[in-house]
Amino acid sequence: MADPATIFPAPLLKDELDIVIPTIRNLDFLEMWRPFFQPYHLIIVQDGDPSKTIKVPEGFGFELYNRNDINRILGPKASCISFKDSACRCFGYMVSKKKYIYTIDDDCFVAKDPSGNDINALEHHIKNLLSPSTPFFFNTLYDPYRPGADFVRGYPFSLREGTPTAVSHGLWLNIPDYDAPTQLVKPLERNTRYVDAVMTIPKGTIFPMCGMNLAFNRELIGPAMYFGLMGDGQPIGRYDDMWAGWCTKVICDHLGLGVKTGLPYIWHSKASNPFVNLKKEYKGIYWQEELIPFFQSITLPKDCTSVQKCYVELAKQVKEKLGKVDDYFNKLADAMVTWIEAWDELNPSGATKSAELPNGASA
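- Going by the annotation in an unreviewed UniProt entry, the name recorded for the chain is UDP-arabinopyranose mutase, with Hibiscus syriacus given as the source organism.
- One UniProt comment on the chain, placed under Function (unreviewed entry), says "Probable UDP-L-arabinose mutase involved in the biosynthesis of cell wall non-cellulosic polysaccharides."
- You can read under Subcellular location (unreviewed entry) in the UniProt record for the chain the words "Golgi apparatus".

This is the structure in structure tokens:
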């Protein structure tokens, strides 16, 4: 008789991963994800009115935090967590005690591959995270650790062991992750291209990180995954994941960690209002012309050997170099330091292993 474990294999990292979902509505979308998500623990961060009841389908194990909970747990430091913006999701990263995080938006559904099979996005993210990255030398067959691929001729043997993967950045079918101006000029555009590829983003290259289909190793990079000050009372929105991605990539490069992008895909079901988006984004669209060169040119001192040390140093440089762009960046730099203080309070030494990492891995 066949071993049941071979017929129904145990979900990967079932006890080592939390799924973080920011929301303002009932989570009916989880029904579609039940075959893939039900074995895992959910952390739901409720945005908006804390008196509203969020309904979660039966059978899911979860914790739910609203604004009252955030204020109670963090006290005055709750000021670093955004309100009325999906940036609030990063509170879930902070209170998790698991090694890995997968975060997804509530308008993201299960996509199908070109053969018509449902894509288990979570499983693919886990496989990305559990295999090395190659940030120091680009492999033209993309991820050499995937089945059917390898290192091409001319790839240095000294670099073939790779480096630990900190981030797996997934993509989207149907509604692309466009900014408001692009939405306005291409209102009917849909992404139908399924590209069967995963690649490591090279060292020294920053990228626009989207938070709606994202996984990361919390022990390696968690404290850098701060989604900034957005939404209520702030002059900018829809740059929460961008900010986290820029900061995270700079720190990953410094500490010799890898970031992958490509598979897996989810189905992004609905487009947000481009006029509302433009109101949220317009300062960011203007500011990013100075933000990008800042992140491209930043260097971190050699004594920054932990994510926390890197992030506090990054906050210092944000205040020094971006504070003159707008006073918002002075507030953001202060919030970055508050975030690290709150992270360390909830994750005392030993509860998280994002401590000292050698940063001599840069090639």
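There is more to say after this.
**Structural notes on a nonpolar patch on the surface**
Stage number 1. Nonpolar side chains collect at one region of the surface, where L184, V185, F275, L278 and Y282 lie side by side and expose about 510 Å² of accessible area between them.
Stage number 2. For the nonpolar patch, the element with the most residues is helix α9 (residues 274-297), which contributes 3 residues.
Stage number 3. Here L278 is to be found in helix α9.
Stage number 4. Here L278 falls in the partly exposed class, since its relative accessible area comes to 31%.

**Structural notes on the side chain of D47**
Stage number 1. In this structure, D47 sits in the loop between β2 (41-46) and β3 (61-65).
Stage number 2. Ignoring sequence-local partners within four residues, the contact set of D47 consists of T23, I24, F83, K84, D85, S86 and C88.

**Side note on the nonpolar core**
Stage number 1. Ranked by internal contacts, the top residues of the largest apolar core, which has 71 residues, are W243 and Y311.
Stage number 2. Per-element tally for this core: the top contributor is helix α11 (residues 328-346), with 10 residues.
Stage number 3. The residues touching Y311, leaving out its near neighbours within four places in the chain, are P223, A224, Y226, W243, C247, I251, M336, W339 and I340.
Stage number 4. Residues I19, L42, I54 and I104 belong to the second largest nonpolar core, which totals 37 residues.

**Re the packing of helix α8 (residues 240-255) against helix α10 (residues 307-322)**
Stage number 1. In contact at an axis separation of 10 Å, α8 and α10 are set at 125° when each is read in the N-to-C sense. The angle between α8 and α10 places the two elements in the oblique class. You can see that α8 and α10 cross each other, and the crossing is right-handed. Every residue of α10 that contacts α8 at W243, C247, I251, H254 and L255 is listed here: V307, C310, Y311, L314, V318 and L322.
Stage number 2. Across the contact of α8 with α10, the residue classes tally to 10 nonpolar, 1 polar and no charged.

**Quick word on the packing of α8 against α9**
Stage number 1. Put simply, α8 and α9 touch, their axes get as near as 10 Å, and they point 15° apart. As far as their axial angle goes, α9 and α8 are roughly parallel. For the pair α8 and α9, the crossing hand works out as right-handed. Packed against α8, whose contacting residues are W243, W246, C247 and V250, the element α9 presents Q288, L291, I292 and F295 at the interface.
Stage number 2. Tallied by class, residues from the contact of α8 with α9 come to 7 nonpolar, 1 polar and no charged.

**Focus on helix α3 (residues 67-74)**
Stage number 1. Those residues of α3 that sit buried are R67, D69, I70 and L74. Relative to the axis of α3, the buried residues are bounded by an arc of 160° and lie together on one face.
Stage number 2. Contacts made by the buried residues of α3 are with β2, β3, α4 (90-95) and α11.
Stage number 3. Capping the start of α3, N66 holds a side-chain oxygen 3.0 Å from the backbone nitrogen of N68, two or three residues further along.
Stage number 4. With its phi angle positive at about 60°, G75 sits one or two positions after the end of α3.

**Considering the UniProt feature "glycosylation site" (unreviewed entry) in the chain**
Stage number 1. Per the UniProt record, the feature "glycosylation site" (unreviewed entry) sits at R153.
Stage number 2. Within the secondary structure, R153 sits in the loop between α5 (121-130) and β6 (165-174).
Stage number 3. Taking the relative accessible area as the measure of exposure, R153 reaches 85% and is therefore exposed.

**Observations concerning the environment of N213**
Stage number 1. Looking at where N213 falls in the secondary structure, it is placed in strand β8 (residues 213-217).
Stage number 2. Classification of N213 as buried rests on a relative accessible area of 0%.
Stage number 3. For the pair N213 and F294, spaced 81 residues apart in the sequence, the C-alpha separation amounts to 26 Å.
Stage number 4. Here N213 is in contact with Y102, T103, A121, H125, S168, H169, G170, L171, P264, Y265 and I266, once residues within four sequence places are set aside.

**A look at unusual backbone geometry**
Excluding glycine, a negative phi dihedral is what most residues carry, and trans is how most peptide bonds are arranged.
Stage number 1. A cis amide bond links L263 with the next residue in sequence, P264, at an omega value of 10°.
Stage number 2. Of note in this structure, L13 is not a glycine but carries a positive phi near 55°.
Stage number 3. As for its placement among the helices and strands, L13 is situated in the loop between α1 (4-7) and β1 (17-23).
Stage number 4. Positive phi is not limited to glycine here, since K84 has a value of about 60°.
Stage number 5. Among the structural elements, K84 can be located in the loop between α3 and α4.

Each value, and the rule that gives it
Residues numbered from 1 in each chain as written. Predicted model: local features only at pLDDT ≥ 70, side-chain atom pairs only at ≥ 80, totals over all residues. Heavy atoms only, no water. UniProt positions renumbered as here; feature names shortened; annotations may be inferred. Patch = residues over 30% accessible without salt bridge, like charges linked within 9 Å, V, L, I, M, F, W, Y side chains within 5 Å. Areas by Shrake-Rupley, 256 points an atom, 1.4 Å probe, with all protein chains shown as cover. Salt bridge = Lys/Arg side-chain N within 4 Å of Asp/Glu carboxyl O. Helix = DSSP H or I, 4+ residues; strand = E, 2+ residues; numbered from the N terminus. Buried < 20%, exposed > 50% of the residue type's maximum accessible area, 1.4 Å probe, protein only. Contact = heavy atoms within 4.5 Å. Core = buried A, V, L, I, M, F, W, Y, C linked by side-chain atoms within 4.5 Å. Axes fitted to C-alpha atoms, helices over the stretch in contact; angles between N-to-C directions. Parallel < 35°, antiparallel > 145°, perpendicular 65-115°, else oblique. Left-handed = near helix turned anticlockwise from the far one by under 90°. Nonpolar A, V, L, I, M, F, W, Y, C, P; charged D, E, K, R; others polar. Arc of directions from axis to C-beta. Polar contact = N/O pair within 3.5 Å; in protein donor to acceptor, adjacent residues only side chain to side chain.

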